[in-house]
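Here is how the chains run, residue by residue.
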Amino acid sequence: MRVYEVFVKKDGRNEFRHVGALEAATDELALVLAREVYLRRAEGDRLWVVRRDHVVAAPGDFVDPNADKPHRHHDGAAVAARRMAARQSPS
Amino acid sequence: MSEPHGVREYLLAFADDEHLMGQQHTEWIGIAPFLEEDLAVSSIGQDELGHAALLYELVLDLEGVEATDPALDALAFGRPSDDYRCCHLVEYTTSDWAEALVRHWVYDTFEAMRWKLVAGSSLPKLASVARKALQEEAFHCRHADALLDKLLAAPEARKRILEALEVVGPLVTGLCEPVEGEAEAIRTGVAAGSTTDLLAPLQQAAEERFGAAPVNSLLDHGQNRRTTRSADFEPLLARMREVFDYDPEAIW
C-alpha cells in the first residue's frame with residue numbers, strides 16, 4: 001500500500017487545497033477511493049492524488065532562518081514618515 | 001388492470017434489488033479490510049439506496065400515492081415478504097470480503113446494463129433516473145475493477161476470489177431472472193428488453209474478468225420469477241428494520 005496526498009478544487013475556485021491522505025494499492029484505486037472518501041458530498045469538482053513519496057519535501061530546518069528577518073516586514077511607516085518630513089521641510 | 005400491476009412489479013424488482021444491495025454494502029462500514037475501502041463501499045451502498053428511493057417513488061406514482069416519507073418507508077420496509085421481488089443474490093449473506101467483492105462486481109456490471117434497458121423508457125422519470133444512475137455505475141464498476149485488477153494478480157487473493165465466484169456464481173442467473181410483470185413493462189415501452197438477455201453478456205464479462213465463467217444452474221432455481229425469498233431474507237429485513245421498529249410512527 002502507498003500513501004497518497006489528496007487535493008480537491010472547489011467549484012468556482014482556482015486553487016487545489018490539501019484535504020487529507022489515504023492508503024491505496026494502485027493509482028487507480030487511489031482515485032476511486034479518494035472520490036468516495038473525500039468527494040462523495042460534492043466537496044469539489046476536481047481531484048488530484050499525489051503519491052507521498054513523489055512529493056519533493058524540504059527538510060524541517062530549511063526555511064527556519066527566514067522566521068527571524070524583521071527587515072523583510074515593512075508596513076510602510078518609515079517611508080511615510082520620510083515623505084511627510086520631505087513635504088514639510090522648506091525647500 | 002394487469003398493465004399497471006406488471007409495471008409496478010417490474011419497478012419493485014429493480015427497487016428491491018437496489019435496496020438490499022445498498023443495505024449489504026453499507027453493512028461493511030467499520031469492518032471492511034481497510035479504512036478507505038470501508039468508506040468507499042458504504043458510500044457506493046448509499047448510491048444504491050438512493051436509486052432504490054427514486055424507484056420506490058416511481059412505484060408510488062404509479063399507485064397514485066403521494067411519495068411521503070411514511071409512504072416510502074411502508075413500501076421499502078413494511079411489505080409482507082412475499083410482496084418483495086428481489087433476487088436471491090442480493091439477499092445472500094456473504095461469509096467474507098471476497099464474496100462481497102465478487103458480488104459487488106457482478107451486481108454493478110449487471111446494474112449498468114439494466115439501467116441501459118430503461119434509459120429510453122416511456123416513463124420519463126425513470127429515463128431521467130437512469131441517466132443519473134448510469135453515471136454513478138461507471139464509477140462503481142471502476143471501483144470493483146480496480147480492486148480486482150490488483151487482487152487477481154496476487155496468487156493467494158486470486159484463489160480466494162475464484163472460490164468466492166464458486167459461491168456467488170450460481171446466484172447470477174437469479175439476478176437476471178425477470179418478474180412476471182416484465183412482459184407488460186416491455187410491451188408498454190417502460191423497458192427496452194428483458195433482463196434475461198443480460199445473462200449472456202454478463203457471463204462473457206465474467207469470463208473476461210475472472211478467466212472463468214460463473215457456475216450456472218438452471219434459469220429457474222427456486223426463485224420462481226422472484227416470488228420466493230431465500231433463508232437469508234428475513235434476518236436481513238430484520239436488520240434493516242431494527243431502528244425503524246423502535247418507533248414505526250416516528251418522524252425523522
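Being a predicted model, the structure only gives us computed values, none of them experimental. (Residues numbered from 1 in each chain as written. Chains lettered and ligands numbered in written order. Predicted model: local features only at pLDDT ≥ 70, side-chain atom pairs only at ≥ 80, totals over all residues.)

1. Brief notes about helix 2 (residues 77-88) of chain A
Since there are 3.6 residues in each turn of an α-helix, residues three or four apart along the chain are aligned in direction.
Consideration 1: Look at helix 2 of chain A: 16 Å from first C-alpha to last across 12 residues, which is about the 16 Å you get at 1.5 Å a residue.
Consideration 2: Taking burial as the measure, the 12 residues of helix 2 of chain A include zero buried ones, a minor fraction of the element. (Helix = DSSP H or I, 4+ residues; strand = E, 2+ residues; numbered from the N terminus. Expected span 1.5 Å × (residues − 1). Buried ≥ 20, exposed ≤ 12 C-beta atoms within 10 Å, placed from the backbone.)

2. Points about the nonpolar core
Consideration 1: Judged by nonpolar contacts, the single largest core of 50 residues is most densely connected at A:Leu33 and B:Val102.
Consideration 2: At nine residues, the largest contribution of residues to this core is made by helix 5 (residues 97-117) of chain B.
Consideration 3: Among all residues touching B:Val102, those that are not within four sequence positions of it are B:Ile161, B:Ala164, B:Leu165 and B:Val168.
Consideration 4: One finds B:Ala13, B:Ala52, B:Val59 and B:Ala130 within the second-largest nonpolar core, a separate group that totals 26 residues. (Core = buried A, V, L, I, M, F, W, Y, C linked by C-beta atoms within 7 Å. Contact = placed C-beta atoms within 7 Å.)

3. So, the sheet that holds strand 1 (residues 2-9) of chain A
Note: strands within a sheet are paired through backbone hydrogen bonds, in either parallel or antiparallel orientation.
All names here are of chain A.
Consideration 1: The antiparallel open sheet is built from three strands, whose spatial order is 2-1-3. Strands at the two margins of the open sheet, each flanked by one partner only, are strand 2 (16-24) and strand 3 (46-51). If you compare each strand with its neighbour and ignore which way they point, the axes differ by 25° on average.
Consideration 2: Docked against the sheet, helix 1 (residues 27-38) engages strand 1, strand 2 and strand 3, running at close to 120° with respect to strand 2. (Pairing = 2+ DSSP bridges. Axes fitted to C-alpha atoms, helices over the stretch in contact; angles between N-to-C directions.)

4. Considerations on the interface of chain B and chain A
Often the size quoted for an interface is simply the accessible area lost on bringing the parts together.
Consideration 1: Chain B puts 13 residues into the contact, and the matching count from chain A is 13 residues.
Consideration 2: When contributions to the side of chain B that touches chain A are tallied by element, the ones reaching two or more residues are helix 2 (35-63) and helix 6 (124-151) of chain B.
Consideration 3: For the side of chain B that touches chain A, the class distribution of residues is seven nonpolar, two polar and four charged. (Nonpolar A, V, L, I, M, F, W, Y, C, P; charged D, E, K, R; others polar.)

5. Notes on unusual backbone geometry
Consideration 1: At A:Ala42, a position not held by glycine, the phi torsion is positive, near 55°.
Consideration 2: For A:Ala42, the position within the fold is in the loop between helix 1 and strand 3.
Consideration 3: Residue A:Ala42 is classed as exposed on the basis of its C-beta count, with 8 C-beta atoms lying within 10 Å.
Consideration 4: Phi is positive for B:Arg225, which is not a glycine, with a value near 55°.
Consideration 5: Tracing the chain through its elements places B:Arg225 in the loop between helix 10 (199-210) and helix 11 (233-240).
Consideration 6: Overall, the presence of 15 C-beta atoms within 10 Å leaves B:Arg225 in the partly exposed class.

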